[in-house]
Amino acid sequence: MSLDKWISMIKPMLEGAQMTVLLFLIAIVVSIPLGFLLTLAVKSSSKPLSWLAHTYIYVMRGTPLLLQLLVICFGLPMIPGIGEYLVLDRFTAACVGFILNYAAYFAEIFRGGLLAIDKGQYEASQVLGFSKWQTLTRIILPQMVRVVLPSVSNESITLIKDTALLYAVAVPDLLHYAQTVVNRDFTIVPFFVAGIIYLIMTLLLTVLFKWLERRFKFE
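Residues numbered from 1 in each chain as written. Predicted model: local features only at pLDDT ≥ 70, side-chain atom pairs only at ≥ 80, totals over all residues. Heavy atoms only, no water.

Remarks on the UniProt feature "transmembrane region" (unreviewed entry) in the protein chain
Piece 1. Residues given the UniProt feature "transmembrane region" (unreviewed entry) here are residues 21–42, 62–79, 91–110 and 188–209.
Piece 2. With 100% helix and 0% strand, residues 21–42 has its two end C-alpha atoms placed 31 Å apart.
Piece 3. The span residues 62–79 is 67% helical and 0% strand by assignment, and the distance between its end C-alpha atoms comes to 23 Å. (UniProt positions renumbered as here; feature names shortened; annotations may be inferred. Helix = DSSP H or I, 4+ residues; strand = E, 2+ residues; numbered from the N terminus.)

Next up, the structure:
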C-alpha cells in the first residue's frame, strides 16, 4: 500500500478519534462529580432524595447505554407537547447520554469507597471538632480516592471503548470513519488501524491511572 493510500486512510480516522477523545473528556469530567453528588444523595437522611437517587442509579445501570442514547437522540423529540424543545444535535445528545449513564456507575463506585472507610474515622473527626464538610474534604475524600482509583480506572477504560456507540447514532467518530474507509477501499485494514488507535488510547489511560495510584498510595 502506497504512502498516499495510508495517509488517505488514516487522516479521516484521526479526525474521528478527536471526536472520540472529546466525548470521553466531556463525559469523564462531568460524570465523576455528578456521580459523587448521587452518592451523597443516596446517603442523604432525606428518604425521598435517597429513594430518587437509588431509583435513578438502578434504571441507568439496568438498561443498555445504547438504548439510552437512542431514547435521548430520537425518542425525546417525539414526546407530545414538549418534544420540539428536546431536540438536540447528535453529539450533544450523545454527551448527555454518556454523562447520565456513567454518573450512575461512578456513584456506585464512590458508594463502595465510602463504605470501605472505617466508621471510626467519622467519630475521630467529631472528637477533634471537625465540621461535616471538613471531615468529608480532609479526612474521608483522600482515603476514598485511594480505594476507588482502580475501579475508576477500569470504568474510564470502558468509557473510551463505549464511545464506539456513537456510530449507532450517526456521530462521526473513529469507528464511523473506519467503516467509511472500509466501504470506500474494500479492505478491512481500517478496522485493524481503529483497533490500534483504541489500544493506544486505553494504554495512555492505564499509564495515567497507574501513576495516580502510585502517587496516592505513597502520599
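After presenting the structure, the write-up continues.
Details of the state of the cysteines
Piece 1. Enumeration over the complete set of coordinates arrives at zero disulfides.
Piece 2. A disulfide-free cysteine, Cys73 has its sulfur positioned 10 Å from the sulfur of Cys95, the nearest such atom. (Disulfide = S-S within 2.5 Å.)

With respect to the pattern of salt bridges
Piece 1. Counting across every chain of the model gives one salt bridge.
Piece 2. The partner of Glu108 in a salt bridge is Arg111, and the shortest N-O contact between them spans 3.1 Å. Taken together, the residues Glu108 and Arg111, both in helix 4 (residues 90–115) and three residues apart, mark about one turn of the helix.
Piece 3. Taking the relative accessible area as the measure of exposure, Glu108 reaches 21% and is therefore partly exposed.
Piece 4. Given a relative accessible area of 27%, Arg111 falls into the partly exposed group. (Salt bridge = Lys/Arg side-chain N within 4 Å of Asp/Glu carboxyl O. Buried < 20%, exposed > 50% of the residue type's maximum accessible area, 1.4 Å probe, protein only.)

A closer look at the packing of helix 1 (residues 3–42) against helix 7 (residues 174–185)
Each pair of packed helices gets described by two things: the angle between the helix axes and the distance between those axes.
Piece 1. Two elements in contact, helix 1 and helix 7, have axes whose closest approach is 7 Å; the angle formed by their N-to-C orientations is 155°. Classified by the angle their axes make, helix 1 and helix 7 are roughly antiparallel. For the pair helix 1 and helix 7, the crossing hand works out as right-handed. Contacts between helix 1 and helix 7 involve Lys5, Ser8, Met9, Pro12, Met13, Gly16, Ala17 and Thr20 on the former and, on the latter, Leu174, Tyr177, Ala178, Val181, Arg184 and Asp185.
Piece 2. Class assignment of the residues belonging to the contact of helix 1 with helix 7 gives a composition of eight nonpolar, three polar and three charged. (Axes fitted to C-alpha atoms, helices over the stretch in contact; angles between N-to-C directions. Parallel < 35°, antiparallel > 145°, perpendicular 65-115°, else oblique. Left-handed = near helix turned anticlockwise from the far one by under 90°. Contact = heavy atoms within 4.5 Å. Nonpolar A, V, L, I, M, F, W, Y, C, P; charged D, E, K, R; others polar.)

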